[in-house]
Amino acid sequence: MSPSPRQLFSTVTEHHELVLSIEPLALPEPRPDEVVVEVQASPINPSDLGVLLGPADLSTARRGEVDGHPALIASLHAAGRHFVAGRIGKKLPVGNEGAGLVVAAGSSGAAQALLGKTVTAVGGAMFRTHRVLHARQVLPLPDGAEAHEGASLFVNPMTVQAFLETMRDEGHTAIVHTAAASNLGQMLAKHCRKEGVPLVAIVRRESQRTLLQGLGVPHVVDSSTEAFFEDLVAALVATEATLCFDAIGGGDLANTVLTAMEAALKRRGIEADLYGAPVHKQVYQYGRLDLGPTTLAPAYGMYWGVGGWLLTPRLGSLGHARALQMRQYAIEERNGIFASRYADTVGLEDLLDPDTLRAINRKGTGAKVLVDPSRGS
C-alpha cells in the first residue's frame, strides 16, 4: 500500500467559501467482512460535482493551505448559498463509485476471496487513495480487466436499468430523456435499443443529434431549433411515450414535455374529458443541471405528475437479488452498452488546480473525467 494514504474533502465555511483539501488518511485494519481497496479509478459524475463544488464561483478559485494541508479556496455564488446552508463546517468526502485493487482483507471467506482482485466498488468517499468497504459493496472484475473498465459501473448503468424498471412498473412503454447526449444518455440509448424500448432523445445541438442517431436512436429532437415543439409532438405520437426522465430540472422544459405529451395524445385520437386526455403523463427530475425553479403552466389537464427520482430508493424497492443481477449485467456490458469514455485522467492534487476544476465543471458532452487517486502517491 501507499506509504501516505490521503483523502479529499469538500467543506463550506461560515465565511461563504468552498474549501477543497487533501488530508492524511488513517487506515484501520479491516474487520472480518471488510476489504481495503487501493482506489485506481473513480469518475467525476454530475452528482459528484454537486458535493465537490456546490455553488462555488470558480472564477475566484485559488490555491492555498488550510490547517497545514494543501487546499483550493473559492467564494460561493450569493444566489446558491442557501443550497449548502446545512453543510457549513462539515468536511464531506467525495466520489460515489470507483474501482481498484483489493490490497487487504478481513478473515471471512467472502473477504479473503477478494484479496488481490481488481474490483468495482460503490460506497461513497472514493476520492481517496484507499477505501475500506464491506465485501458485499464490491464485485470482482473478470481476470485481466483494468480498473478504468470498472470505474463507472454503478451510478450510470444502474440508473439506466432502473429507468426501464420504473417504466415497466408504472405501465409506460416508451421514454423521453433530456440532456440525452450525456454519458448516461448514450448508455440509455444503447440499452433501450437492445430492449426494444422506444426512446425520444432531447438534445441542444446538431452534433448531439448526429451522435445519438449514430447509436440507432430514430427520434432525436433539438431544443434549440424553432421546430422543436412540433418535432417533439411528432416523436411522441410515433413512440406513444408518456414518461420523461429529466436531467435539467429547472426552467420550462418539463412543462414543454408535458404540453407536447398532451398534444400527442389528442393527435392519436385519445378523447379528452373535462380534465384533459385521461392518460397519466409523468416527468421525473433526476438531475438539476439548471438550478433555477421549475416553471409549470399547466395546459395539459389533470392527468400528470412532476417529481424527483433517486436511484438508491428505487434499487431498494427492487430488492437485493434484482439489484445484484443489474450490477452483474453492468460488469458484463462494461465494454459494450455501459462503456464509459474519458476525456482525461487526473490525480487528487489536480483537483486543487483552478484551471483543471474549471475545465471539469464545464460538463460538456464527451468531457467525462476520471480521478486516479494513486497518482503521485
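Residues numbered from 1 in each chain as written. Predicted model: local features only at pLDDT ≥ 70, side-chain atom pairs only at ≥ 80, totals over all residues. Heavy atoms only, no water.

S.K.: So what about the overall build of the protein chain? Which residues, and what values?
M.R.: Scanning the protein chain from N- to C-terminus turns up 11 helices and 20 strands. The C-alpha atoms of the protein chain give 22 Å as radius of gyration, which agrees with the globular expectation for 377 residues (21 Å, within 12%). With the principal axes as the frame, the protein chain shows a C-alpha extent of 70 × 50 × 35 Å. Here the protein chain holds 377 residues, and the buried ones make up 52% of them. Partitioning the contacts of the protein chain with sequence separation of at least 6, the portion at a separation of at least 24 is 72%. For the protein chain, the exposed area adds up to about 16,400 Å²; of that, 52% sits on carbon and sulfur atoms. (Helix = DSSP H or I, 4+ residues; strand = E, 2+ residues; numbered from the N terminus. Rg over C-alpha atoms; globule rule 2.2 N^0.38 Å. Buried < 20%, exposed > 50% of the residue type's maximum accessible area, 1.4 Å probe, protein only. Contact = heavy atoms within 4.5 Å. Areas by Shrake-Rupley, 256 points an atom, 1.4 Å probe, with all protein chains shown as cover.)

S.K.: Could you give an account of the packing of helix H4 (residues 155-169) against helix H10 (residues 320-332), naming the residues involved and the relevant values?
M.R.: Two numbers describe how H4 lies on H10: the axes approach to 10 Å, and their chain directions differ by 125°. On the basis of their axis angle, the class for H4 and H10 is oblique. As for the relative orientation of H4 and H10, their crossing is right-handed in sense. Contact residues: H4 offers Pro157, Met158, Gln161, Ala162 and Glu165, while H10 offers Arg322, Ala323, Met326, Arg327, Tyr329 and Ala330. For the contact of H4 with H10, the per-class residue count stands at 7 nonpolar, 1 polar and 3 charged. (Axes fitted to C-alpha atoms, helices over the stretch in contact; angles between N-to-C directions. Parallel < 35°, antiparallel > 145°, perpendicular 65-115°, else oblique. Left-handed = near helix turned anticlockwise from the far one by under 90°. Nonpolar A, V, L, I, M, F, W, Y, C, P; charged D, E, K, R; others polar.)

S.K.: So what's going on with the nonpolar core? Which residues, and what values?
M.R.: Grouped together as the largest cluster of nonpolar side chains are 41 residues, with contacts concentrated most on Phe163, Ile175, Leu188 and Leu212. Contributing elements (two or more residues each) for this core: H4, helix H5 (183-195), strand S12 (199-203), strand S14 (243-246), helix H9 (311-318) and H10. With 7 residues, the single largest contributor to this core is H4. Setting aside its immediate chain neighbours within four residues, Ile175 contacts Phe163, Leu164, Met167, Leu188, Pro198, Leu199, Val200, Ala241, Leu243 and Phe245. In this structure, Leu52, Val84, Leu357 and Val371 belong to the second largest nonpolar core, which totals 26 residues. (Core = buried A, V, L, I, M, F, W, Y, C linked by side-chain atoms within 4.5 Å.)

S.K.: Can you break down the pairing of strand S7 (residues 97-105) residue by residue, with the values?
M.R.: In terms of residue burial, S7 counts as a mostly covered element, since 7 of its 9 residues are buried. Here strand S3 (residues 34-43) pairs with S7 via 6 bridges, running antiparallel. Paired with Val37 across the two strands is Val102, which belongs to S7. Judged from the 5 bridges that link them, S7 and strand S8 (residues 118-122) form a sheet pairing that is antiparallel. Considered in S8, the bridge of Gly100 is made with Val119. (Pairing = 2+ DSSP bridges.)

S.K.: I'd like a rundown of empty space enclosed by the protein, residues and numbers included.
M.R.: Evaluated as defined, the whole model comprises 1 cavity of 30 Å³ or more. By volume, the largest cavity amounts to about 40 Å³. Per-element accounting of the lining of the largest cavity gives the leading share, 3 residues, to H10. Residue classes in the lining of the largest cavity are distributed as 5 nonpolar, 1 polar and 1 charged. (1 Å grid on protein atoms, 1.4 Å probe; cavity = no way out; pocket = protein on both sides within 12 Å on 5 of 7 lines; lining within 4 Å. Points joined across faces, edges and corners; volume = space filled by probe spheres on them.)

S.K.: How would you sum up the layout of surface pockets? Please name residues and give values.
M.R.: Size it by volume and the second largest pocket reaches roughly 280 Å³. What lines the second largest pocket is a set of 14 residues, and nearest its centre among them are Val122, Arg136, Phe154, His320 and Arg327. Counting residues per element, the lining of the second largest pocket draws most heavily on H10, which supplies 4 residues. Across the lining of the second largest pocket, the residue classes tally to 9 nonpolar, 3 polar and 2 charged.

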